[in-house]
Amino acid sequence: MQAMEMLRDLAQRSSEKAVENLGRLQRQQQEAQTQLGQLQRYRDEYQRKLHDSLTQGVSSSQWRDYQQFIGSLDKAIEQQQRRLGEHQTRVDSGREHWQGERRKLNAYETLHARGERDAAYRQARQEQRHSDEMAAQLLRRQQDTRHPQQG
């Protein structure tokens, strides 16, 4: 029984570690999502400024600078979207790992509970046998005192 408890405790710690890791991965994913949102908002804001500037007229060098900057923002957004996808993959993997550890823990807990139940059943049967034996001995003594043997 001690071995089962040790395995259950190890599985518990492993499950706790997996859930902590999953939480860390989810926070990283959320940070990547926030950064992507910031980049997208910045690009939209810069695009609006470009549009406003166009109505007032811009030089060709200003136009080129705007276009280059928007191009670099688009590249940064694409990179961040890839990072976000990588984070999602890690989160999915972390979730699967945690679920596997949780299933393992549940299996050990089930086996442990079954072992406890079996031990309690064996103990109850042993106590019942002992009680039956005591009752039988008492009955024999009572019969012996009522009907002493004649020798």
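A short tour of the structure in this document, coming up.

Thresholds, definitions, all that
Residues numbered from 1 in each chain as written. Predicted model: local features only at pLDDT ≥ 70, side-chain atom pairs only at ≥ 80, totals over all residues. Heavy atoms only, no water. Helix = DSSP H or I, 4+ residues; strand = E, 2+ residues; numbered from the N terminus. Buried < 20%, exposed > 50% of the residue type's maximum accessible area, 1.4 Å probe, protein only. Contact = heavy atoms within 4.5 Å. Core = buried A, V, L, I, M, F, W, Y, C linked by side-chain atoms within 4.5 Å. Salt bridge = Lys/Arg side-chain N within 4 Å of Asp/Glu carboxyl O. Axes fitted to C-alpha atoms, helices over the stretch in contact; angles between N-to-C directions. Parallel < 35°, antiparallel > 145°, perpendicular 65-115°, else oblique. Left-handed = near helix turned anticlockwise from the far one by under 90°. Nonpolar A, V, L, I, M, F, W, Y, C, P; charged D, E, K, R; others polar. Phe/Tyr/Trp six-rings, centres within 6.5 Å; stacked < 30°, edge-to-face > 60°.

Here the focus is the side chain of Gln29. Mapped onto the elements, Gln29 comes out in helix H1 (residues 2-56). With a relative accessible area of 18%, Gln29 lands in the buried category. In contact with Gln29, other than residues within four places in its own chain, are Leu84, His87, Gln88 and Val91.

What follows covers the nonpolar core. Counting residues in each nonpolar core, the largest one holds five residues, listed as Tyr46, Leu50, Tyr66, Ile70 and Leu73. Elements supplying a minimum of two residues to this core: H1 and helix H2 (60-146). Leaving out residues up to four positions away in the same chain, Leu73 has contacts with Leu39, Tyr42, Arg43 and Tyr46.

The subject of this paragraph is the pattern of salt bridges. Applying the stated rule across the entire model yields four salt bridges. A salt bridge links Arg43 to Asp74, with the shortest nitrogen-to-oxygen separation between them at 2.3 Å. Here Asp74 lies in helix H2 and Arg43 lies in helix H1, a separation of 31 residues in the sequence. Given a relative accessible area of 27%, Asp74 falls into the partly exposed group. Glu45 serves as the salt-bridge partner of Lys49, at 3.7 Å between the closest nitrogen and oxygen. Remark: Glu45 and Lys49 occur in helix H1; sequence separation between them is four residues, near one turn of the helix.

Before going further, it helps to examine the packing of H1 against H2. The N-to-C vectors of H1 and H2 enclose an angle of 165 degrees; their axes lie 7 Å apart at closest approach. Taken together, H1 and H2 sit at an angle that is classed as roughly antiparallel. H1 and H2 meet at a crossing whose hand is left-handed. Taken together, the residues that form the contact of H1 with H2 break down as 27 nonpolar, 19 polar and 11 charged.

Right, let's talk about the packing of aromatic side chains for a bit. In this description, an aromatic ring pair is defined by two values, namely the gap between the centres and the angle between the planes. In this structure the tally under the stated criterion is four aromatic pairs. A ring pair is formed by Tyr46 and Tyr66, whose centres lie 5.2 Å apart and whose planes are at 55 degrees; its orientation type is tilted. Of this pair, Tyr46 sits in helix H1 while Tyr66 sits in helix H2, and the two are 20 residues apart along the sequence. Comparing Tyr46 with Tyr66 shows no difference in burial state: the two are buried. Here Tyr46 and Phe69 contribute two aromatic rings whose centre-to-centre distance is 4.5 Å and whose plane-to-plane angle is 55 degrees, an arrangement assigned as tilted. Taken as a pair, Tyr46 in helix H1 and Phe69 in helix H2 lie far apart in primary sequence, 23 residues in all. The exposure class of Tyr46 is buried, given its relative accessible area of 18%. The partly exposed category is assigned to Phe69, whose relative accessible area is 29%.

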